[in-house]
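# A structural walkthrough
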Amino acid sequence: KNGVELVLPVDIVVNKGFPAGDTPIDPQVVPADQIPSDMMGLDIGPESCKLFHDKIVDSKTVVWNGPMGVFEIPQFANGTRAVAQALVDATANGAFTIVGGGDSAAAVRNLGFPEDGFSHLSTGGGASLAFLEGQELPGLKVLNPQETLELTLFGRYIGTLKGDGIYFMNPCCVAVKKKKKTKLN
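Right, let's talk about the confidence of the model for the protein for a bit. Any segment with low pLDDT has predicted coordinates that should not be analysed in fine detail. Considering every residue of the protein, the mean pLDDT works out to 78; 68% of them sit at 70 or more. When pLDDT is averaged over each element of the protein, strand β2 (residues 28–31) comes out on top at 97 and strand β9 (residues 175–178) at the bottom at 37. For residues 163–185, every residue scores under 50 in pLDDT, and the model assigns this stretch 66 contacts once sequence neighbours within four places are set aside.

Structure representation (structure tokens):
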């Protein structure tokens, strides 16, 4: 109806429980709709990695919030690695890519991806999503409701707020410009 395609994993990497303590690491790939009841999904599978990569590199704007799997364990990091690589490839092709969230930011760093491979890397995942939804953020305050301000994210217009003063959000996430083009930090 709205021209939006929801892409879901087609295969999942499973294990008999979370790999900690005495639980062995024995990854297996199963179809996404056939996860055995005694197994736990811990990553997306190889077909999903390819599917997600192809969709991401064909996009103009990508907001990624949350790793695909338990990236801290190498056997369950391939999905997160594939999505991060897809964002790097998309960025190189001119897409605007945002990695939002502490776990996602930690994942791209831990997996060795260069931070400049993405348009923006933020640790404020929940706040970033709330902002994109148009929710009012407690940390975003308007001191004088008499003036209109434009919000830009790395040079792209993302909204207008009425007011003058200081706007607080994630560092380096939102640039606030008065109509006079005066930047506030």
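Moving on, there is more to tell.
In terms of nonpolar packing, the biggest core is built from 20 residues, with I56, W64, L87, V108 and F118 touching the most fellow members. Counting only elements with at least two residues in this core, the list comes to α1 (46–57), β4 (61–64), α2 (78–92) and α3 (102–110). The element that contributes the greatest number of residues to this core is α2, accounting for seven residues. Excluding anything up to four places from it in sequence, F118 contacts A84, L87, V88, T91, T97, V99, V108 and F113. Within the second largest apolar cluster, five residues are counted, among which are V13, V70, I73 and F76.

Moving on to the environment of A107. Tracing the backbone through its elements, the reader meets A107 in helix α3. A relative accessible area of 0% means that A107 is categorised as buried. Considered as a pair, A107 and A77 are 30 residues apart in the sequence and their alpha carbons are 8.8 Å apart. Excluding anything up to four places from it in sequence, A107 contacts F71 and T80.

This paragraph deals with α1. Taking 1.5 Å as the rise per residue, α1 with twelve residues should run 16 Å; its terminal C-alpha atoms sit 17 Å apart, in good agreement. Every buried residue of α1 is listed here: S48, C49, F52 and I56. Taken around the axis of α1, the buried residues stretch over an arc of 105°, which confines them to a single face. α1 presents E47 and K50 as exposed residues on the side facing more than 90 degrees away from its buried surface.

In this section: the sheet that holds strand β1 (residues 11–15). Pairing in this open sheet of three strands is antiparallel, and the strands run β2-β1-β3 from one edge to the other. What marks the edges here is a single partner per strand, and that holds for β2 and β3 (40–44). Direction aside, neighbouring strands of the sheet carry axes that sit 45° apart on average. Bridge count for β1 against β2 is four bridges, and the pairing is antiparallel. Paired with V13 across the bridge in β2 is V29.

On to the pattern of salt bridges. Evaluation of the coordinates by the stated rule reveals three salt bridges. Where D54 meets K50, a salt bridge forms, and the shortest distance between an N and an O atom there is 2.9 Å. Here K50 and D54 lie together in helix α1, a separation of four residues that amounts to about one turn. Where R109 meets E115, a salt bridge forms, and the shortest distance between an N and an O atom there is 2.7 Å. Overall, R109 belongs to the partly exposed group, its relative accessible area being 42%. Classification of E115 as partly exposed rests on a relative accessible area of 43%.

Basis of the calculations
Residues numbered from 1 in each chain as written. Predicted model: local features only at pLDDT ≥ 70, side-chain atom pairs only at ≥ 80, totals over all residues. Heavy atoms only, no water. pLDDT = per-residue confidence, 0-100. Helix = DSSP H or I, 4+ residues; strand = E, 2+ residues; numbered from the N terminus. Contact = heavy atoms within 4.5 Å. Core = buried A, V, L, I, M, F, W, Y, C linked by side-chain atoms within 4.5 Å. Buried < 20%, exposed > 50% of the residue type's maximum accessible area, 1.4 Å probe, protein only. Expected span 1.5 Å × (residues − 1). Arc of directions from axis to C-beta. Pairing = 2+ DSSP bridges. Axes fitted to C-alpha atoms, helices over the stretch in contact; angles between N-to-C directions. Salt bridge = Lys/Arg side-chain N within 4 Å of Asp/Glu carboxyl O.

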